[in-house]
Amino acid sequence: MASSMLSIGVSGLQAAQTALATNSNNIANVYTPGYSRETVELNGNSGGGVSVASISRQTDSYLSAQLDSAMSASTALETHEANISQIDNLLADDEAGLAPLMQEFFGTIEGVASQPSDPAARESLLGSAESLAGQFNAFSAYLDDMDAAVNSQLGDVVGDINTATSQIASLNEQISLTRARTGEEPLGLLDQRDQAVTDLQSLVGVEVQEQDGRLSVSLGNGQLLVNGSSNYELAVEPDPQDMSRSVVTYSVAPGVTSAIDEGQLEDGTLGGLLSFRADSLEPTQNQLGQLAAGLALTFNAQHADGVDANGNAGGDFFTLGDPEVLPASGNAAGADLEVAFAPATQQEGDDFYSVALTGDDYRLSLDGDKYQLENLSSGAVQTLTPDSEGVMRQDGLVFTATGMADGDSFTIQPTRNIADTFGVAIDEGDEIAAGSSDASLDNRNILALQSLQSSDALGSAGSFNDHYASLVSQVGNQTRQVQVNLEAQQGLTEQLSAADQSISGVNLDEEAADLIRYQQYYQANAQVIQTASTVLDTILNIR
C-alpha cells in the first residue's frame, strides 16, 4: 500500500511540475508576439496515479486565418490612406493650392484688360503667371517624388516578403525534423511559423494550406511562394511596357520572369502601395498635367491671335514640353514614335479655343499593318490610319510612327509629367499680346484671354476651374472612402483579434489562479509522498 501511494504521489508531483512549468512559460511569454497559450492535458493511469498526456497550444486555425486576412486588408487600406491623405492635403490647401493662384492669374488679366497700356499691370500679370507656373512645377515634383518613393518601397516590401517566405520554408523543415526525431509537437516552432505567416500577410495577401504538417503559401493567382521547405522569391523590375515604372514579377523559368497582375496583389502593404499608385497617384498626375497642358495650349492659341505693345504678333505665352513616349523593351531596332499635342482649336459655334485631351494614357501598337491605339484607362481600342504624310490624330494628340514592325508598341503618357515642363515663355510685359491685330494697345485680345477662365477650354472636362475643382473633389472623396473602409476593416480586425485572444492569448489573472492551483496540487502530492514514506517507515520498523 505504501509503495502504491508513493508511486501515485510521485506521478502527481511530476504532473504538477509539468503544469507549473507550462504555467510559468505562459506568464513569461504574455507579451511575446505570436505566442499561443499552452495547456497540460492529464490522463489517469490504469494502475493508479496520473501522467501528462500532452502539452498543446490553444489555437483556432480558422479564426487565425480570418484574423490574418482581416489584418492584411487593414494594412493595405492604412498604406493607401497614409499616402492619398498627403495628396488630398496638397490639392485642397486654400492658401498653397492651385485654385487661388489661378484666380489671381486671371485677376491680373482683368487688370491688363482695364488698362492695357499700363506697364505695371502687364508686369503684375507676368509675375502671377510665373507664380502659377512655379506652383504647377512644385505640385508635379511632389507627385514625382511620391512615385519614386512608391517604386523604392516596392523593392523594400518585396525583399521583406522573400525573407518571410524563406523563414516559413525553414520552419517547415525544422518542424518536420523535430516531429520525426522526438515524436512531440514543437510548440515554439509552430508559434514562430504562425507569426511568420502573420508577418507575411501584413506584407501581401496570401492563401495558406497545411498538408502533412507543412504549410504551402501562394498568391491569389496560385503562384506558390512556399512549398514545403522551398520558397520562391518575387522581384521588382521595370515594366517592359514602361521602363520608368516598377512592377512585381516572379520567375516562370530560369532567367525568365513575368509581371504579376496587380489585381492579384490587393492586400498587405504591397497591395496598398499598388492600389494607391494605380487608383490615386497616377490619375492625379495625369489630371494635373491635363490642366497644365490645356491652359498652355488654349492660352497660347488665343495669345497668338493678338499683338503686343510693340505691334508684333503674339507668340507663345507659356512653354510646354511634349508627351512622354516609352518604347516597349522588345521593339525592333529603328522603331520610333513621335507624339505632339495638337494645337488648340475653335470648335464650330464657339468663340474660344479648346483642346480634346483626355488625361488618359495610351498604347500604340502595330498589328500586322494596322496601328491600334488603346486607351489604358477605358480599354477602348481604335484603329488609326496615317494620312498622306504619315501622321495620325486622336484625342488632341498627333502621332508620327516610323520603322515599326509587327508587334512593336509604345506607351504614351501625354500629361503624366507635363506639369514639370509648364513655364512662362515671355520675359517682358510689353510682349503680352493684349490688343487685336489692328490696335496693339486695345484690350480685345486680353478680354478673349480672360474669357478662357469660364469657357469649356478643356472640352468635355469643362473649364480650368471646373477641372481643378473636380480633381480636388475626386481625391477628397477617394480619401474619405478609403478612410471609411479602413475604419470598418479595423473594427472587424479588432473583433477577430479579441476572439482570437480569448482562445490563444495569455490572461494573467487566469494564469495567476492556475499558478496557485498547481502549487496546491504540487504540495498535496508532496504530502502524499511524505505520508507514504511515513507509512513505509512504520511498516519497516514493526518487529
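The rules behind these values
Residues numbered from 1 in each chain as written. Predicted model: local features only at pLDDT ≥ 70, side-chain atom pairs only at ≥ 80, totals over all residues. Heavy atoms only, no water. Salt bridge = Lys/Arg side-chain N within 4 Å of Asp/Glu carboxyl O. Helix = DSSP H or I, 4+ residues; strand = E, 2+ residues; numbered from the N terminus. Buried < 20%, exposed > 50% of the residue type's maximum accessible area, 1.4 Å probe, protein only. Pairing = 2+ DSSP bridges. Axes fitted to C-alpha atoms, helices over the stretch in contact; angles between N-to-C directions. Contact = heavy atoms within 4.5 Å.

A. Molecular detail of the pattern of salt bridges. Per the stated rule, a full pass over the model turns up 12 salt bridges. One salt bridge in this structure joins R214 and E173, with 3.1 Å as the shortest N-O distance. Residue R214 is found in strand β4 (residues 214-218), and its partner E173 is found in helix α4 (residues 119-182); the two are separated by 41 residues along the sequence. A relative accessible area of 26% places R214 in the partly exposed class. Look at E173 and you get partly exposed, because its relative accessible area is 29%. Here R245 ties to E262 by a salt bridge, and the two come within 3.4 Å at their closest N and O atoms. Pair noted here: R245 is in strand β8 (residues 242-253) and E262 is in the loop between β9 (256-259) and α6 (268-303), with a separation of 17 residues, a long-range link.

B. Molecular detail of the sheet that holds β8. Strands sit in the order β7-β8-β9 across an open sheet of three strands; the sheet is antiparallel. Edge positions in the open sheet fall to β7 (234-239) and β9, since each of these has one partner strand only. Across the sheet, the mean angle separating the axes of adjacent strands is 50° when strand polarity is ignored. Pairing of β8 with β9 involves four bridges; the strand directions are antiparallel. Counted as the bridge partner of A253 is V256 from β9. Of the strands in this sheet, β7 and β8 are in contact with α4, which crosses β7 at around 155°.

C. Layout of the side chain of S85. Its place among the elements puts S85 in helix α2 (residues 61-92). Relative accessible area serves as the criterion here: at 16%, S85 is assigned to the buried category. S85 has contacts with T479 and Q483, leaving out every residue within four places of it along the chain.

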